[in-house]
Amino acid sequence: MREIRRYLFWIGYDGSKFPEMAKGGTGFGVMDLLNQTVSTSLFGFRNERRPEQQECLKFSPSSRTDAKVHAIRNSVICQIPLEYSELDKTPEIKADYMKKWKSTIDAANPGSLVIRDVHSVSAGFCIRRSVSYRKYTYRLAVCRSWELWESIRQEPSIACFSERDYAWRLPPGFSPERLLAVGKRFEGEQVMGSFFKHTNREKRFEPITPSALKYILHVGLSNGEAYSINNDIYDYYNVTIVAKSFVREQIRRMMSCLVNYSYDRISLATVDWLLKNPISSNFFDIGIPVAPPQGLFLTDVVYDPNMFTKPVPYYLHSWDYE
């Protein structure tokens, strides 16, 4: 057993610049770049490291976002052997590391990842179970007229290019009032089994586990703005969804229901039925398409600051070396 120190990293990333978020896929995910960036700053490039340094860092995110989903502020725990840990020993040392990390990321994959902050936390702090709530925002770009819609379908404008990876671009006919009305149906305690990712290859009619029981604190709608280029093509809306935790692809499936109801493509009865019959095959069987990932942003992961230094409960974590 090796003595370690735990650090909380706050990061943001552009999901369009990575094939995935989590580590263990192609090797080019968000967590892979974060791991290599921090490892290089501590131990040098891979060919310069000693054997015991190769696998001595362990990273774990609080929220594993789908491929192409973005994050403005996500949290990641990092466990570092005590003899290597001085990331925030002094403000000057911390600033030097932050500068090194930015330089490495800018050289490797410009504009892809930003390390916003890092600070040490108690050994009993849990990156997932200590969360107070998570806040997601989904961006909608609604075309202002059918004439414009047909025009940009044939020849996308510069504004379309700017929004392609950062919003769900929709035709005219969207009703903000209808979306907000159906969004309120989701608030409160719900069993989200029908909104759990399901494929036709998986076992059908799985029993609902306690993890599908969620409490949705808020579903809201507000006016948005262009991602990077002001234009007269789209009206923008931000849908905000807040809860402590979510099942896999829950928000994208919720958004599909919200948007389809706003266009009068599905009924309230369909939404209510999905909520009252929490079986993961339901969404697939009805044939409702899942909302695209590029409009979704993890806006924030919020903790009670006391949890960083005096977590309640105090979680035990293992740190094993062979």
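On a predicted model such as this, the values are computed, not experimentally measured, just so you know.

Cut-offs applied
- Residues numbered from 1 in each chain as written.
- Predicted model: local features only at pLDDT ≥ 70, side-chain atom pairs only at ≥ 80, totals over all residues.
- Heavy atoms only, no water.
- Helix = DSSP H or I, 4+ residues; strand = E, 2+ residues; numbered from the N terminus.
- Buried < 20%, exposed > 50% of the residue type's maximum accessible area, 1.4 Å probe, protein only.
- Areas by Shrake-Rupley, 256 points an atom, 1.4 Å probe, with all protein chains shown as cover.
- Salt bridge = Lys/Arg side-chain N within 4 Å of Asp/Glu carboxyl O.
- Phe/Tyr/Trp six-rings, centres within 6.5 Å; stacked < 30°, edge-to-face > 60°.
- UniProt positions renumbered as here; feature names shortened; annotations may be inferred.
- Arc of directions from axis to C-beta.
- Contact = heavy atoms within 4.5 Å.
- Patch = residues over 30% accessible without salt bridge, like charges linked within 9 Å, V, L, I, M, F, W, Y side chains within 5 Å.
- Axes fitted to C-alpha atoms, helices over the stretch in contact; angles between N-to-C directions.
- Parallel < 35°, antiparallel > 145°, perpendicular 65-115°, else oblique.
- Left-handed = near helix turned anticlockwise from the far one by under 90°.
- Nonpolar A, V, L, I, M, F, W, Y, C, P; charged D, E, K, R; others polar.
- Core = buried A, V, L, I, M, F, W, Y, C linked by side-chain atoms within 4.5 Å.
- Domains from an automatic or database assignment.
- Buried area = accessible area lost by both parts, 1.4 Å probe.
- Polar contact = N/O pair within 3.5 Å; in protein donor to acceptor, adjacent residues only side chain to side chain.

Draft legend 1. Summary view of the overall build of the protein chain. A tally of helices and strands in the protein chain yields nine helices and 10 strands. For the protein chain, the C-alpha atoms occupy an extent of roughly 60 × 45 × 40 Å along the three principal directions. Of all 322 residues assigned to the protein chain, the portion counted as buried reaches 50%. With an accessible surface of roughly 16,200 Å², the protein chain has 52% of that area assigned to carbon and sulfur atoms.

Draft legend 2. Broad picture of the pattern of salt bridges. Taken as a whole, this structure holds 15 salt bridges when the rule is applied. Among the salt bridges present, the one from glutamate 249 reaches arginine 253, with a minimum N-O distance of 3.0 Å. Taking the relative accessible area as the measure of exposure, glutamate 249 reaches 13% and is therefore buried. Counted as one network, the salt bridges with shared partners bring together Asp66, Lys197, Glu249, Arg252 and Arg253.

Draft legend 3. Region of interest: the packing of aromatic side chains. Counted according to the given criterion, the structure contains 16 aromatic pairs. When the ring of phenylalanine 125 is compared with that of phenylalanine 308, the centres are 5.5 Å apart and the planes differ by 65°; the resulting orientation is edge-to-face. Taken as a pair, phenylalanine 125 in the loop between strand S4 (113-121) and strand S5 (131-143) and phenylalanine 308 in helix H9 (residues 306-309) lie far apart in primary sequence, 183 residues in all. In this pair, the class of phenylalanine 125 matches that of phenylalanine 308, namely buried. Taking 4.9 Å as the distance between ring centres and 45° as the angle between the ring planes, the aromatic pair formed by phenylalanine 174 and tyrosine 237 counts as tilted. One end of the pair, phenylalanine 174, is in the loop between strand S6 (168-170) and helix H5 (176-183); the other, tyrosine 237, is in strand S9 (residues 234-243), and 63 residues separate them in sequence.

Draft legend 4. Quick look at the UniProt feature "domain: Pseudouridine synthase I TruA alpha/beta" (unreviewed entry) in the protein chain. UniProt feature "domain: Pseudouridine synthase I TruA alpha/beta" (unreviewed entry): in the numbering of this structure it lies at residues 213-304. Within residues 213-304, the helical portion is 29% and the strand portion 32%, while the C-alpha atoms at the span's ends are 22 Å from each other.

Draft legend 5. Layout of H5. Within H5, the full set of buried residues consists of Leu179, Val182 and Gly183. For H5, the angular spread of buried residues about the axis comes to 105°, placing them on one side. Against S5, strand S8 (213-223), S9, helix H6 (250-262) and helix H7 (268-276) lie the buried residues of H5.

Draft legend 6. Local environment of a nonpolar patch on the surface. Taken together, the side chains of Tyr133, Tyr215 and Leu217 present a nonpolar region at the surface, about 310 Å² in accessible area. The residue leucine 217 is located in strand S8 in this model.

Draft legend 7. Just the environment of alanine 212, in detail. Turning to its location among the elements, alanine 212 is positioned in the loop between strand S7 (188-191) and S8. Accessibility expressed as a relative area gives 3% for alanine 212, which makes it buried. The spacing of alanine 212 and methionine 192 is 20 residues in sequence and 5.2 Å in space, taken between C-alpha atoms.

Draft legend 8. Structural detail: the packing of H5 against H6. Remark: H5 packs on H6, axes separated minimally by 8 Å, with the N-to-C direction vectors making an angle of 140°. As judged from the angle between their axes, H5 and H6 are oblique. In this structure, H5 meets H6 at a crossing whose hand is right-handed. The residues of H6 that touch H5, namely those facing Arg178, Leu179, Val182 and Gly183, are Leu258, Val259, Tyr261 and Ser262. Residue composition of the contact of H5 with H6, by class: five nonpolar, two polar and one charged.

Draft legend 9. Expanded view of the nonpolar core. In terms of nonpolar packing, the biggest core is built from 77 residues, with Phe9, Leu34, Leu140, Phe186 and Met255 touching the most fellow members. The residues that make up this core include at least three from each of domain 1 (4-130 + 304-308) and domain 2 (132-300). Leave out the neighbours within four places in its chain, and methionine 255 touches Tyr138, Leu140, Trp168, Val239, Ile241 and Ala291. With 11 residues, the next largest nonpolar core counts Ala159, Ala167, Ala226 and Tyr234 among its residues.

Draft legend 10. Expanded view of the packing of helix H1 (residues 30-43) against helix H2 (residues 91-108). Packing of H1 against H2 brings their axes to within 10 Å, and their N-to-C directions diverge by 130°. For the element pair H1 / H2, the angle class is oblique. Considering the relative orientation of H1 and H2, their crossing is right-handed. From H1, Leu33, Thr37, Val38, Ser41 and Leu42 reach across to H2, where they touch Tyr97, Lys100, Trp101, Thr104, Ile105 and Ala108.

Draft legend 11. Up close: unusual backbone geometry. Cis geometry is adopted by the peptide bond preceding proline 313, which originates at valine 312 and carries an omega value of 0°. Note that proline 313 resides in the segment after H9.

Draft legend 12. Region of the structure containing the domain arrangement of the protein chain. When the domains of the protein chain are assigned, the result is domain 1 (4-130 + 304-308) and domain 2 (132-300). In this structure, domain 1 and domain 2 have C-alpha centres spaced 29 Å apart. The interface of domain 1 with domain 2 comprises 19 residues on the first partner and 15 residues on the second. Contact between domain 1 and domain 2 buries roughly 1,300 Å² in total, counting both sides, with carbon and sulfur atoms accounting for 48%. Counting the surface domain 1 buries against domain 2, the share from its top three residues, Asp66, His70 and Arg73, is 37%. For the pair domain 1 and domain 2, the interface holds two salt bridges. At the surface where domain 1 touches domain 2, the tally comes to 13 residue pairs in polar contact (both at pLDDT 80 or more). No other element matches strand S3 (residues 70-81), which puts five residues into the side of domain 1 that touches domain 2. Considering only residue class, the side of domain 1 that touches domain 2 consists of five nonpolar, seven polar and seven charged.

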